[in-house]
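Coordinate inspection notes
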Amino acid sequence: MRISITSPASLLARCSTGQLWLIGMLIAALMAGFVPAARVILATGFWLMVPGYLLERRMPGERPHWLLRITIWNGLGLSLVPLLYLWVTAVGLAIPVGVLISVAILLAVVALYDAWRDLATVQVQPSVTVWLLLSVLATSAWLRVVQIADLAFPAWVDSVHHALMVRVAAETGRVPWTLTPYLPVTDMPYHWGYHVLIAAAWHLGGSDLPAMILWSGQLLNWIQVLSAAALAFLIWRRPLAAVVAAAIVGCISWMPAYYVSWGRYTQLSGLLQIVALAIGWQQWLDANTRRDRLSWLFLNMLIITGLSLVHMRMFVFGGALIAVQSTVWALHQTRLAIVSRLVEAMGAGLVALILAGPWWFVLVRQILLPAATGSRSLTSGGSYVQLSDSLMWIGPNEWLVALALFAGAVGVFYRQRAAAVMVLWVGVLVVLSNPWLISYLAPPIGLVLILYAVVQRTWLVGGVGMLLLAVNPLTVRLPFLWLLPVDITAISLFLPLSNLIGGSVALIWPQRRWTQMAAIALLLGCTLWGAYQQRTIVNPVTVLATAADRVALEWIAEQTQPTARFLINAAPWLPGVARGTDGGWWILPLTGRWTSTPPVLFVYGEAEDVQTTQQRSQRIIDFGNGQEVDIASLIAAERIDYIYTSPKGPLRPEQFAGQPGYEAVFTHDGIVIYRVIR
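Report follows, based on the coordinates. (Residues numbered from 1 in each chain as written. Predicted model: local features only at pLDDT ≥ 70, side-chain atom pairs only at ≥ 80, totals over all residues. Heavy atoms only, no water.)

Moving on to the overall build of the protein chain. Within the protein chain, the regular secondary structure consists of 27 helices and 9 strands. Relative to a compact globule of 678 residues, whose C-alpha radius of gyration would be 26 Å, the protein chain shows 27 Å and is just as compact. Overall, the protein chain is about 95 × 85 × 55 Å in size when its C-alpha atoms are taken along their principal axes. For the protein chain, the proportion of its 678 residues judged to be buried stands at 53%. Expressed as a percentage of contacts within the protein chain between residues at least 6 apart in sequence, the contacts between residues at least 24 apart total 78%. Carbon and sulfur atoms make up 66% of the accessible area of the protein chain, which totals about 30700 Å². Charge centroids of the protein chain, computed over 40 positive and 30 negative side chains, lie 15 Å from each other. (Helix = DSSP H or I, 4+ residues; strand = E, 2+ residues; numbered from the N terminus. Rg over C-alpha atoms; globule rule 2.2 N^0.38 Å. Buried < 20%, exposed > 50% of the residue type's maximum accessible area, 1.4 Å probe, protein only. Contact = heavy atoms within 4.5 Å. Areas by Shrake-Rupley, 256 points an atom, 1.4 Å probe, with all protein chains shown as cover. Lys, Arg positive; Asp, Glu negative; His and termini not counted. Charge placed at Lys NZ, Arg CZ, Asp CG, Glu CD.)

Contact geometry of helix α9 (residues 209-236) with helix α22 (residues 494-507) gives a least axis separation of 9 Å together with a crossing angle of 50 degrees. With respect to each other, α9 and α22 are oriented oblique. As for how α9 packs across α22, the hand of that crossing is right-handed. Along the contact surface, α9 presents Gln224, Ala228, Leu231, Ala232, Ile235 and Trp236, while α22 presents Phe494, Leu495, Ser498, Asn499, Leu500, Gly503, Ser504 and Leu507. For the contact of α9 with α22, the class distribution of residues is 9 nonpolar, 5 polar and no charged. (Axes fitted to C-alpha atoms, helices over the stretch in contact; angles between N-to-C directions. Parallel < 35°, antiparallel > 145°, perpendicular 65-115°, else oblique. Left-handed = near helix turned anticlockwise from the far one by under 90°. Nonpolar A, V, L, I, M, F, W, Y, C, P; charged D, E, K, R; others polar.)

A few words now on the sheet that holds strand β9 (residues 671-676). Taken together, the 5 strands give an open sheet; going across it, the order is β6-β3-β7-β9-β8, and neighbouring strands pair in mixed fashion. The open sheet terminates on both sides in strands that have one partner only, identified here as β6 (594-595) and β8 (662-668). (Pairing = 2+ DSSP bridges.)

Along the chain, the position of glutamine 218 falls in helix α9. Overall, glutamine 218 belongs to the buried group, its relative accessible area being 3%. Dropping the residues within four chain positions of it, glutamine 218 is found in contact with Arg144, Gln147, Ile148 and Val260.

Now for the packing of aromatic side chains. According to the stated counting rule, one finds 20 aromatic pairs in the structure shown. Ring plane angle 20 degrees and centroid distance 5.1 Å describe the contact between phenylalanine 566 and tyrosine 642, whose orientation is recorded as stacked. Here tyrosine 642 lies in strand β7 (residues 642-645) and phenylalanine 566 lies in strand β3 (residues 565-567), a separation of 76 residues in the sequence. Of the two residues, phenylalanine 566 and tyrosine 642, both sit in the buried class. One aromatic cluster is present, formed by Tyr258, Tyr259, Trp262 and Phe494 through successive ring pairs. Its end group placed over the ring of tryptophan 594, arginine 565 keeps NZ or CZ at 3.8 Å from the ring centre. (Phe/Tyr/Trp six-rings, centres within 6.5 Å; stacked < 30°, edge-to-face > 60°. Lys NZ or Arg CZ within 6 Å of the ring centre and 35° of its normal.)

Given 3.6 residues to a turn, an α-helix orients residues that are three or four positions apart in the same direction. Taking 1.5 Å as the rise per residue, helix α7 (residues 158-172) with 15 residues should run 21 Å; its terminal C-alpha atoms sit 21 Å apart, in good agreement. Just past α7, the residue glycine 173 takes up positive phi, approximately 70 degrees. (Expected span 1.5 Å × (residues − 1).)

This paragraph deals with the pairing of β8. For β8 and β9, the ladder comprises 6 bridges, and the chain directions are antiparallel. Of the residues in β9, the one forming a bridge with glutamate 663 is arginine 675. In textbook terms, the turn of a hairpin is the stretch between consecutive antiparallel strands, and for β8 and β9 this stretch comprises 2 residues, one of which, aspartate 669, has a positive phi near 50 degrees.

General note: in soluble globular proteins, nonpolar side chains tend to be found buried as a group. The biggest cluster of nonpolar side chains holds 193 residues, and the ones touching the most others in it are Trp47, Leu179, Trp192, Met255, Trp359 and Ile673. Not counting the four nearest positions on each side in its chain, leucine 179 is found in contact with Leu164, Met165, Val168, Val185, Met188 and Leu601. In terms of nonpolar packing, the next biggest core, distinct from the first, is built from 17 residues, Ile620, Ile621, Ile640 and Leu651 among them. (Core = buried A, V, L, I, M, F, W, Y, C linked by side-chain atoms within 4.5 Å.)

With that settled, the discussion passes to a nonpolar patch on the surface. Together, Val97, Ile101, Ile105, Val109 and Leu204 make up a nonpolar patch on the protein surface, roughly 370 Å² of accessible area in all. If you tally residues by element for the nonpolar patch, the top one is helix α5 (residues 97-118), at 4 residues. Secondary-structure assignment places isoleucine 101 in helix α5. Classification of isoleucine 101 by relative accessible area gives partly exposed; the value is 30%. (Patch = residues over 30% accessible without salt bridge, like charges linked within 9 Å, V, L, I, M, F, W, Y side chains within 5 Å. Salt bridge = Lys/Arg side-chain N within 4 Å of Asp/Glu carboxyl O.)

It is worth spelling out unusual backbone geometry at this point. At the junction of threonine 180 and proline 181, the peptide bond is cis and its omega measures out at 10 degrees in the coordinates. In this structure, proline 181 sits in the loop between α7 and α8 (193-205). Geometrically, the link from methionine 255 to proline 256 is a cis peptide bond, its omega value of 15 degrees lying close to zero. Here proline 256 lies in the loop between α10 (239-252) and α11 (265-286).

Let us now look at the packing of α9 against helix α18 (residues 417-433). Where α9 meets α18, the axes come as close as 8 Å, and the angle between the chain directions of the two elements is 130 degrees. Comparing their axes, α18 and α9 come out oblique. Only Ala418, Ala419, Val421 and Met422 of α18 make contact with α9, whose side of the interface consists of Leu231, Ile235 and Trp236.

When you line up the elements, alanine 470 lands in helix α20 (residues 459-470). For alanine 470, a relative accessible area of 44% puts it in the partly exposed group. Expressed as a C-alpha distance, the spacing of alanine 470 and arginine 63, which sit 407 residues apart in the sequence, is 48 Å.

Assignment of secondary structure puts glutamate 56 in helix α3 (residues 36-57). Beyond its immediate stretch of four places on either side in the chain, glutamate 56 contacts Arg63, Arg69, Ile72, Trp73, Leu76 and Leu299.

Next up, the structure:
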């Protein structure tokens, strides 16, 4: 009896091109698993991709391009994980770590089996355009790594409260809208979808919390490149448009790469969901059968629900985009088709509202009802609603805006719907963040409607026109909404700008071989030049904590009691809200010890607690401004055990050195921690 032994080479020879790619990626993932940062990326990528892939794969109907599918998976992953946490919390349960890991293993096994089967028929070799896209993705990935090479902690204000919320979600297995015992905050109306996904990834990745947030944030930033490429491919139906858009977002535009300076990871997540929603929405609009329509409508409903959990501002931005898509689509449809889609969309919206019901209940109770009773305002003013020139024209934005305007003209010349969608989306976003524009836009629109009504003898349209004429700067002055400041629109424009430029380049791309080679060289040259300019994109002003602070925080976690109370440095931030200035601000989210200036989420607590915290921080700020402040009485009144001092704030080491009642118990690279001797 002969036993035939098949060699590995012959087994590989039987694999398709897609299966070989899968094997290569698995080997790379296993090797990368020995690196802590890579484990963070793999764990985060798992929750981003796998749940969405498994669900989308099982839906009926035809599948779109692989680039669009990957983006949909990310949008679904950012929706399904928060939805799970929402309803587990709503029914009073929690997700144990063991159950979470077991579910992850099961999902991984099923996903590998499905992927092996799906890739069995993939034999197509990558085209030149695909290789160009992969080159841009590789360059932008390298860039995202280099940008944070010198960071010991995520930067600026948002990162600190992100860390606290991720810690609470990881410890409780629930939605972190209650922050006790760290802060006296319950039913917090702050979006949390990003935080529960990172908490789930933290259980798989096993890194320290700052590294978890920093590296997962850069992964979200890098996926923006893929997402921008997918949106351009969807809108323009040209692979080259995807490559150009990816190059701009990944290496040339300073947004979204600059987001790392703020730790604006929730907005990054919301932007990914916006593109996934735009793809699913267009597939739903273009579906030919009822089965396909309902399938895409179901996926869209999940993404809409998840978007409301991840970032409410991006929820509004996404709604604006799909409204524009629907309007442009409806211009070439029958009334019956429009009514049918409208009914389906309203049904999906109602179901999405029910799915996110527990979260909307918190928002209504904590924000809308106080606004209705006058105890809270939804409007804003002052510098908060003014456009920051430094953000609008950061880096090469002047050139990008100019190119986008030219691209819009090219799109109009070629009568491209894609150009109309992007231009209208930008226009709607500008109006939403500048409501006063409505009183200037309404009269000319009303006049056009009146003229149309006169010609067509449509009195209903004429009545609408008369109403719009009544809305003018003399009669109506709409206020700004704090939910939609102008700067949020400005830092989100990289998506439509890159889309317009990518589409116009694809439209005018040369046809001769030698001119194509020159154009490709120019594109790659601009990509590499932009990447080189962005190597040090992190704003040093926003870097609060350093490697020295990491050593100090490790000492605090090991050498102090969990009930220890720390006096830390503070500085002004938003009106009535102070921030930390050094690693002392990370004491609470990383070690659980009380700090005099907590993460800014304290503003969601009771009014008396908020006022007490603000006054305490203001005394530290006044001390740094040279005003007469009795620090000793503050220390006694707040029962302070330790003082965290550094050269970066009002509480400097030399102010306590040699003073009676203070003992230096930790010193490292400018960081000095004093113990209060009672």
